[in-house]
Amino acid sequence: MTDAKQRAGVPVPPPPAAHDAGTPASGPARGTAVVDRAGPGWRSSAQADELALRYPAHADAVRLYGDGFHRDPRTTYQRLRERYGAVAPVLLDDDVPAWLVLGYRELHFVAGEPNLFSKDSRLWNAWNLVPADWPLRPLVTWRDTLLSADGAEHDRHSAAVDATVSSIDLLELAARCERIADDLIDAFASEGSADLIGQYAARLPLLVGTALLALPPAQAADFTDDMAAVLGRVGDVGAAEERLRSAVRRHTAARRANPGSDPLSTLATHPAALTDDEVFDNLFMLFLLGHAKTAAWIGNALRLMLTDPRFAARLAGGRRSVEHVLDDVLWEDPPNSNALGRWATRTVQLGAQHVRPGDLVVLSVAAANADPVVRPDRAAGPGRNQAHLAFGSGPHRCPYPSQDISLVTTRAALSVLLDRLPDITLAAPASELVWQPAVFVRSLTALPVVFTPIPPPGFLPV
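On a predicted model such as this, the values are computed, not experimentally measured, just so you know.

*Asks:* I keep staring at the overall build of the protein chain and nothing clicks. Help me out?
*Replies:* Each helix and strand counted, the protein chain has 18 helices and eleven strands in total. Contacts spanning at least 24 positions in sequence make up 72% of the contacts within the protein chain whose residues lie at least 6 apart. Entry remark: accessible area of the protein chain is about 19200 Å², with carbon and sulfur atoms responsible for 56%.

*Asks:* Help me out: how do you make sense of the packing of aromatic side chains in this one?
*Replies:* How two aromatic rings sit relative to each other is set out by the distance from centre to centre and by the angle between their planes. For the structure on display, the rule yields ten aromatic pairs. With a centroid separation of 6.2 Å and an interplanar angle of 80 degrees, the aromatic rings of Phe109 and Phe117 are classed as edge-to-face. Given a relative accessible area of 35%, Phe109 falls into the partly exposed group. A ring pair is formed by Phe280 and Phe284, whose centres lie 5.8 Å apart and whose planes are at 20 degrees; its orientation type is stacked. In this pair, Phe280 and Phe284 both sit in helix α14 (residues 276-307), four residues apart, roughly one turn of the helix. Grouping residues by exposure puts Phe280 and Phe284 together as buried. Over the ring of Trp142 we find Arg122; its NZ or CZ atom is 3.9 Å from the centre of that ring.

*Asks:* Can you walk me through the packing of helix α8 (residues 170-188) against helix α10 (residues 204-212) in this structure?
*Replies:* Axis angle and axis distance: for two packed helices, these are the angle between their axes and the distance between the axes, and together they describe the pair. At a minimum axis separation of 10 Å, α8 and α10 run at an interaxial angle of 130 degrees. Between α8 and α10, the angle is such that the two are oblique. The hand of the α8/α10 crossing is right-handed. Packed against α8, whose contacting residues are Leu173, Arg176, Cys177, Ile180, Ala181 and Leu184, the element α10 presents Leu204, Leu207, Val208, Ala211 and Leu212 at the interface.

*Asks:* When you look at unusual backbone geometry in this model, what are you seeing that I'm missing?
*Replies:* What is expected of a backbone is that most residues other than glycine have negative phi and most peptide bonds are trans. Between Leu340 and Gly341 the backbone carries a cis peptide bond, its omega angle lying at -15 degrees. Its location among the elements puts Gly341 in strand β6 (residues 338-344). In the Ramachandran plot, Asp95 falls in the positive-phi region, its phi being about 60 degrees despite a non-glycine side chain. Even without being a glycine, Ala214 presents a positive backbone phi close to 55 degrees. Tracing the chain through its elements places Ala214 in the loop between α10 and α11 (217-232).

*Asks:* What is the right way to read α11 from this model?
*Replies:* For an α-helix, 3.6 residues make a turn, and residues three or four places apart therefore share a direction. In this model, α11 (16 residues) spans 23 Å end to end at C-alpha, consistent with the 22 Å of a helix rising 1.5 Å per residue. Within α11, the full set of buried residues consists of Ala220, Phe223, Thr224, Asp226, Met227, Ala229, Val230, Leu231 and Gly232. Contacts from the buried residues of α11 go to α10, α12 (237-257) and α14. Just downstream of α11, Arg233 is the residue with a positive phi angle, here 55 degrees.

*Asks:* Is there a simple way to explain the pattern of salt bridges in this structure?
*Replies:* Opposite charge on two side chains allows them to pair when their charged atoms are near. On inspection of all chains with the given rule, the structure shows 24 salt bridges. Ionic pairing is found between Asp262 and Arg255, a salt bridge with its closest N-O pair at 2.4 Å. A relative accessible area of 9% means that Asp262 is categorised as buried. With a relative accessible area of 9%, Arg255 lands in the buried category.

*Asks:* Could you clarify how one ought to interpret the sheet that holds strand β11 (residues 448-450) in this entry?
*Replies:* Each strand in a sheet pairs with its neighbour through backbone hydrogen bonds, running either in the same direction (parallel) or in the opposite one (antiparallel). Sheet architecture is open: three strands sit in the order β5-β11-β10, paired in antiparallel fashion. Only two strands of the sheet have a single neighbouring strand rather than two, namely β5 (193-195) and β10 (425-426).

*Asks:* Help me understand the environment of Arg122 in this model?
*Replies:* Position of Arg122 relative to the elements: it lies in the loop between β4 (117-118) and α6 (137-140). By relative accessible area, which is 53% here, Arg122 ends up exposed. On a C-alpha basis, the gap between Arg122 and Thr141 in space is 8.0 Å, while along the polypeptide they are 19 residues apart. Excluding its chain neighbours within four sequence positions, the residues that come into contact with Arg122 are Trp127 and Trp142. Here Asp120 takes part through its side chain, which lies 2.9 Å from a polar atom of the side chain of Arg122.

Here is what the cut-offs are and how they apply
Residues numbered from 1 in each chain as written. Predicted model: local features only at pLDDT ≥ 70, side-chain atom pairs only at ≥ 80, totals over all residues. Heavy atoms only, no water. Helix = DSSP H or I, 4+ residues; strand = E, 2+ residues; numbered from the N terminus. Contact = heavy atoms within 4.5 Å. Areas by Shrake-Rupley, 256 points an atom, 1.4 Å probe, with all protein chains shown as cover. Phe/Tyr/Trp six-rings, centres within 6.5 Å; stacked < 30°, edge-to-face > 60°. Buried < 20%, exposed > 50% of the residue type's maximum accessible area, 1.4 Å probe, protein only. Lys NZ or Arg CZ within 6 Å of the ring centre and 35° of its normal. Axes fitted to C-alpha atoms, helices over the stretch in contact; angles between N-to-C directions. Parallel < 35°, antiparallel > 145°, perpendicular 65-115°, else oblique. Left-handed = near helix turned anticlockwise from the far one by under 90°. Expected span 1.5 Å × (residues − 1). Salt bridge = Lys/Arg side-chain N within 4 Å of Asp/Glu carboxyl O. Pairing = 2+ DSSP bridges. Polar contact = N/O pair within 3.5 Å; in protein donor to acceptor, adjacent residues only side chain to side chain.

Shape descriptors only; they carry no functional weight alone.
Here's what the structure looks like:
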């Protein structure tokens, strides 16, 4: 059975080998209970019959999970495009049906038409076909945040969140990121080896986010530990989230009574008049998405620098800037490879597909970025083209201040690491790197490296 602790975009150990991506749901599949979940083990025969009746186009749909897909999603997207065009029937974890938007123009259309494609998951017509411990459930469960709202309610949440992220001083943020990056590197610099995902890329955005809340030092460590537990689905996640909610409530009340210049004060006192629960849910949403995407952006950029000859020059002091590498990552390995989700509000023709009210639509940023409409010669690289979809499109695109925050954090992470450890090299063959079993965020489980050890401060050789 798929581990209920697995969550898209959150670092978890890789699962046992599963069937290759591209295996039709009705065809043979190798391996594990990930596939077995699609059978009578969790879905009754009546549910299976209902699935076939309501989603006939998904009878032999490709699965967007399993080792093969996560290892090489590009091939899957290419084959889907060749077979179906801009929109394809697919199966998410546990064979849950969805429509995958592969086309660049089609993605813009769906993202820009909230009246046709809502963010309100309560519209979903397949909730009864989803297992209780479905690993993607936290990503689609409705919460009272700008992520789930449309129309006027979205505007209300968006105004508060935009003001919150806009209040962050980017120069001060850059200095804070560099200090935290130095501290993290100090912890492993003398060892001569490290995992740049678990010890660096996954830690830095979390510590930066916690620091921005201006919590008392005695409480910041506990907050960070609980947030790490929730993001990583480790231990008693429910208890950790309740502690976080309780802590945010206390600090929200305190900031309303005596506001400061920190983001929590801005969110708590904004004229949108968010409730205590809305403050927490929006804050949690910012942590969840900001952490997952920024950590993946850092990790994917480092992987390119360590494995791709086009970017290796940066490690030797070449002229290609960190910013150029980061831009290429947003085209080639966007952190948010697929966006979950949209739900059709009425019957609509999308591409060549007939989408019904309540159907789940997934926006494939990675596939749209590779659409021949905008990338006729992908081998040539994107150059200075900034038209990627890594930050989304339409009313629900990532707010521009949030993009700046992610860029500042990622740029600082790379610059400090390359300055401190200039001879860093990969400690394992690139072909052995393992990708997270997640359809939402494209990131590695680990990035092992070696380098010349740096003695700790005050070390005196014998």
